[in-house]
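The primary structure of each chain is shown beneath.
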Amino acid sequence: MKQEYKLYKEGDQIVWKTLFERQVENLQGKSCAAYLSCLEIMKDVLNAKQIPDFKLMNATLIESTGWTIEVVPGLIPVEDFFRLLAQRKFSASTWVRKMNQLDYLEEPDMFHDIFGHTPLLADPKFAQFMKEFGDLGVEFIDNDDVVVQLQRLYWFTIEFGLIYENGPKVYGAGICSSFGETIHSLSADVEVVPFSLEQVINTEFKTDVVQTLYFELESFDQLFSEFKQFRDTIREKVA
Ligand SMILES: [Fe+2]
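Note that the coordinates shown come from a computational prediction; the quantities given were computed from them, not determined experimentally.

Some thoughts on the coordination of the iron ion
Each pair of donors in an ideal octahedron of six around a metal sits at 90 or 180 degrees, and each pair in an ideal tetrahedron of four sits at 109.5 degrees. Coordination sphere of the iron ion, protein contribution only: His 112 (NE2), His 117 (NE2) and Glu 159 (OE), at 1.9 to 2.1 Å. The sequence motif formed by the donor residues of the iron ion is H-x4-H-x41-E. According to the relative accessible area criterion, His 112 is buried, its value standing at 11%.

Structural notes on the pairing of strand β1 (residues 68-71)
Inspection of the sheet shows β1 paired to strand β2 (residues 89-92) by four bridges, in the parallel sense. Bridging across to β2, Val 71 finds its partner in Ala 92. Traced from β1 through helix α4 (residues 78-86) to β2, the parallel crossover comes out right-handed.

Considerations on the sheet that holds strand β4 (residues 168-170)
Strand order in the open sheet formed by four strands is β4-β3-β6-β5, and the pairing between neighbours is mixed. Looking at the sheet topology across the chains shown, the edges are occupied by β4 and β5 (191-194). Strand-to-strand twist in this sheet, taken as the mean axis angle between neighbours without regard to direction, amounts to 40°. Of the strand pairs in this sheet, strand β3 (residues 162-164) and strand β6 (residues 213-217) are connected by two bridges, and their pairing is parallel. Looking across to β6, one finds that Leu 162 is bridged to Glu 216.

Some words on a negative patch on the surface
Together, Glu 79, Asp 142, Asp 144 and Asp 145 give the surface a local cluster of negative charge. On the secondary structure map, Asp 144 appears in helix α7 (residues 144-159).

What to know about the packing of α4 against helix α6 (residues 124-139)
Packing of α4 against α6 brings their axes to within 7 Å, and their N-to-C directions diverge by 135°. What the angle tells us is that α4 and α6 run oblique. Pair α4 / α6 crosses with left-handed handedness. Here α4 contributes Phe 82, Arg 83, Leu 85 and Ala 86 to the contact with α6, which in turn contributes Met 130, Lys 131, Phe 133, Gly 134, Asp 135, Gly 137 and Val 138. Split by residue class, the contact of α4 with α6 holds six nonpolar, two polar and three charged.

The rules behind each value
Residues numbered from 1 in each chain as written. Predicted model: local features only at pLDDT ≥ 70, side-chain atom pairs only at ≥ 80, totals over all residues. Heavy atoms only, no water. Donors = N, O, S within 2.8 Å, 3.2 Å for Na, K, Ca; no water. Buried < 20%, exposed > 50% of the residue type's maximum accessible area, 1.4 Å probe, protein only. Pairing = 2+ DSSP bridges. Helix = DSSP H or I, 4+ residues; strand = E, 2+ residues; numbered from the N terminus. Right-handed = clockwise from strand over helix to strand, strands pointing away. Axes fitted to C-alpha atoms, helices over the stretch in contact; angles between N-to-C directions. Patch = residues over 30% accessible without salt bridge, like charges linked within 9 Å, V, L, I, M, F, W, Y side chains within 5 Å. Areas by Shrake-Rupley, 256 points an atom, 1.4 Å probe, with all protein chains shown as cover. Salt bridge = Lys/Arg side-chain N within 4 Å of Asp/Glu carboxyl O. Lys, Arg positive; Asp, Glu negative; His and termini not counted. Charge placed at Lys NZ, Arg CZ, Asp CG, Glu CD. Parallel < 35°, antiparallel > 145°, perpendicular 65-115°, else oblique. Left-handed = near helix turned anticlockwise from the far one by under 90°. Contact = heavy atoms within 4.5 Å. Nonpolar A, V, L, I, M, F, W, Y, C, P; charged D, E, K, R; others polar.

This is the structure in structure tokens:
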């Protein structure tokens, strides 16, 4: 599949511009430094002016970290998702929500996939973590326990992770791509606990309700090193 750019209507472009401008402003002082600097790296190909063209985005991502965007029809089987990550391909949809859906979606659209997820793919260390996450998923695809643990890890970090930088800041794509989530996740209405990979992989999550629990990293290095320990441990268990 590929992005059929000419199929976007003027209304789609207006929705994109509205979402982008509103969320960039909302993220000031709320998102982590890495996310904002990656948005800056991507600014020629990812901006409010127009719906991004994946060909141009891919050229920028390939140059910075070797990643590309892979167009998918919507949610895909977990094994395909892991396999694509392992190939440094991030699966994304191409449809844009309607003006009356600015704040709520049942399924991720392109603003979530692209604005939320792709900026940190321009960060070499985070991009490497994403690739290794995919590798581990491929390696353990037949182990249901490990797959569930990886899904929880993905949910509480890549989708809904917070990080401490002079206070809690957002980096997860589910937060960064959502006006309401950005405010909610940093509000007094939620519980924020220090990140522990061990605790994350033992914590269930729900996709269809507002989140009430968030894990806060000390640094991205904490995530990368705990991930490596986790990988070593599960490899030892099956050896
Ligand atoms: Fe996502």
